[in-house]
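# Observations on chain architecture
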Amino acid sequence: MSTQTLSYAIDEHDHLIRVDEGYYAFAAENGWEEAPTSLGRSLWDYVAGHEMVKLQRLLVRRIRNDVGDVELPFRCDAPSVRREMKIRIVARPGGRVVLFSAWMRSEETRDLPQLLLDPATLRSDEVLEMCGWCDRFEVDGEWVEVEEAAKRLELFRRSELPALDHGICPQCSGQLLAA
Ligand SMILES: [Zn+2]
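Residues numbered from 1 in each chain as written. Predicted model: local features only at pLDDT ≥ 70, side-chain atom pairs only at ≥ 80, totals over all residues. Heavy atoms only, no water.

Moving on to the packing of aromatic side chains. Per the counting criterion, the structure on display carries six aromatic pairs. Ring geometry for Tyr8 against Tyr23: centres 5.9 Å apart, planes inclined by 65°, an arrangement best described as edge-to-face. You can see Tyr8 sitting in strand β1 (residues 5-10) and its partner Tyr23 sitting in helix α1 (residues 21-29), a full 15 residues away along the chain. For Tyr23, a relative accessible area of 5% translates into the label buried. Taking the centre distance of 6.1 Å and the plane angle of 85° together, the rings of Phe26 and Trp32 count as edge-to-face. Residue classification places Trp32 among the partly exposed residues on the basis of a relative accessible area of 39%. (Phe/Tyr/Trp six-rings, centres within 6.5 Å; stacked < 30°, edge-to-face > 60°. Helix = DSSP H or I, 4+ residues; strand = E, 2+ residues; numbered from the N terminus. Buried < 20%, exposed > 50% of the residue type's maximum accessible area, 1.4 Å probe, protein only.)

Side chains that are nonpolar tend, in soluble globular proteins, to be buried together. In terms of nonpolar packing, the biggest core is built from 36 residues, with Tyr8, Ile87, Phe100 and Trp133 touching the most fellow members. Put simply, the parts of the chain that give this core at least two residues each are β1, β2 (16-19), α1, α2 (50-67), β3 (69-75), β4 (81-91), β5 (98-109) and α4 (170-178). With six residues, α2 is the largest single contributor of residues to this core. Leaving out residues up to four positions away in the same chain, Phe100 has contacts with Leu6, Ser7, Tyr8, Ile10, Leu43, Val60, Ile87, Arg88 and Ile89. The next biggest cluster of nonpolar side chains, apart from the first, holds 13 residues, and it includes Leu117, Val146, Ala149 and Ala150. (Core = buried A, V, L, I, M, F, W, Y, C linked by side-chain atoms within 4.5 Å. Contact = heavy atoms within 4.5 Å.)

Right, here's the structure in full:
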């Protein structure tokens, strides 16, 4: 396990004005092809799902206006690793610039790579809801980890996996609103 950190900052229009080496390294590791052109782009271009964008915008607005500083746990899984991260979001006093810094608290290699998390996997018309904050999936009204979702949906027997719809689970939604 290695400790990894990354940080980025946005201006008053929510455009990325600064990203560090850790950001580029993490992006490369995760195959984000658009990472090299991140500067000047809107932060919201990088957040998947309507609801998640809405909630995070609200959070950023509250941090700018009165909260000032929050720290939240979040997940950033890859097909073969489970990553628990923490993100700290800080507004500069008196300014509109917001700084995000994230660091990994733990990383666990999965026994089996989870194809459900692989963007290269073939997808069917079926849609599976995924929480963009904790990386859990909704199966039969319950939010479960990717391994459990794969088991319940018998994904190992299928040639195509369901498409992912990025939303937010009630637990994370509550956490972001309470921050
Ligand atoms: Zn969640």
